[in-house]
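# Fold and geometry: a report
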Amino acid sequence: VYVSTDAGVSWHRSLDLIDAQVYALRPATLDVGTVYAGTAAGLYVSRDAGTSWSAVGVALQGMSVRAVYLSKVDPNYLVVGTYGDGVLRSFDGGTTWSEARAGLRPPQVRSLTVDDVNPDVMYAATSTGGFFRTKDGGTNWLPINLGLPSLSSRFVLLDPDNRNRLLGAGTG
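One structure accompanies this document, and this report is about it. (Residues numbered from 1 in each chain as written. Predicted model: local features only at pLDDT ≥ 70, side-chain atom pairs only at ≥ 80, totals over all residues. Heavy atoms only, no water.)

## Digging into the overall build of the chain
Selection rule: Only DSSP runs of H or I reaching four residues or more are called helices, and only runs of E reaching two or more are called strands; each is numbered from the N terminus. Computation of the radius of gyration draws on C-alpha atoms alone. For the globule rule, the value is 2.2 Å times the number of residues to the power 0.38. Burial status follows relative accessibility: with a 1.4 Å probe on protein chains alone, a residue under 20% of its type maximum counts as buried, one over 50% as exposed, and anything between as partly exposed. The criterion used for residue contact is that any of the two residues' heavy atoms lie within 4.5 Å. Two residue types count as positive, namely Lys and Arg, and two as negative, namely Asp and Glu; His and chain ends fall outside the count. To locate a charge, take atom NZ for lysine, CZ for arginine, CG for aspartate or CD for glutamate.
Per the secondary structure count, the chain includes zero helices and 16 strands. A compact globule built from 172 residues would reach a C-alpha radius of gyration of about 16 Å, and the chain, at 16 Å, matches this within 12%. Judged by the C-alpha coordinates and their principal axes, the chain covers about 45 × 35 × 35 Å. Here the chain holds 172 residues, and 44% of them are scored as buried. In the chain, 34% of the contacts between residues at least 6 apart in sequence involve partners at least 24 apart. For the chain, the separation between the mean place of its 14 positive charges and that of its 15 negative charges on side chains is 8 Å.

## Some details on the nonpolar core
Spelled out, the test is: By convention a nonpolar core is built from buried Ala, Val, Leu, Ile, Met, Phe, Trp, Tyr and Cys residues, the set being connected through side-chain atoms within 4.5 Å.
Ranked by size, the top nonpolar core spans 15 residues in total, and within it Y36, L43, L60, V68, V80 and W97 carry the most contacts. Residue assignment for this core shows that the elements contributing at least two residues are β5 (42-46), β7 (65-70) and β8 (78-82). With three residues, the single largest contributor to this core is β7. Once residues within four sequence positions are removed from consideration, L60 is found in contact with A41, G42, L43, V80, L88 and W97. In this structure, Y69, Y77, V114 and M122 belong to the second largest nonpolar core, which totals 14 residues.

## What about the sheet that holds strand β11 (residues 109-114)?
To be explicit about the condition: Strand pairing is assigned whenever DSSP identifies at least 2 bridges connecting the two strands.
Spatially, β11-β12-β13-β14 is the arrangement adopted by the four strands of the open sheet, whose pairing is antiparallel. Either end of the sheet is taken by a strand with one partner, and the two such strands are β11 and β14 (142-143).

## Examining the pairing of β8
The element β8 is extensively covered by neighbouring structure, given that five of its five residues are classed as buried. The side-chain alternation of β8 yields two buried faces, one formed by L78, V80 and T82 and the other by V79 and G81. With five bridges connecting them, β7 and β8 associate as antiparallel partners. Across the sheet, residue L70 finds its bridge partner in β8, namely L78. Hairpin connection from β8 to strand β9 (residues 86-90): three residues lie between these consecutive antiparallel strands, with G84 at a positive phi of about 125°.

## Brief notes about the side chain of T126
On the secondary structure map, T126 appears in strand β12 (residues 122-126). Contact partners of T126, with chain neighbours within four places excluded, come to L104, P106, Q108, V109, F132, S152 and S153.

Spelled out as C-alpha cells, the structure:
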C-alpha cells in the first residue's frame, strides 16, 4: 500500500507484505483515519490513515481477503469475502469471525456487496459459480444467475438508490 499526502505528487510505501497482493482497500466511515486492506496474507488495519498497519484477527491470517465491507452504522460489524474460504463476518471489530458461506459454491469470492439498509442481504461474485445472494446474513446463499452465460464473475455492486438494481461484471 502506498500513501500520498499531497494529492499524488509524491508517494511512500506504508504496507509492505512480501508476496502478498492487496485486493481491497476500504476506509471506515465511522472512524476517520481508519483503513482496512484485504490482502493475499489476510486482513490489515491502519488507524492512522495508512502510516502503520496491523493484522486483524488471527483467524484471517494467511487467507486471501478479496473484499471488505464495513458497516456505516456499527463500527464493530465487518464482512470479508475470501478466495477459498468464502464469506466471514465479525461482530466485534475483527477479534473473532464466523463463517457465513453455506451454499456458496465455490467459496472463491472475488467481490462482495452488502445492503446498508438490511445487512443480512449480501451479494457475492465468485470465480466460477457466477453471482450469489443471501437474505439471512450468510446462513444460506443461492445462485442468482438466471439469464446469464456460464461465467467467471469479477465484481458485483448494489445500487444504493435502487436496492433491486445490481451491476455485475465477469468473463465467460
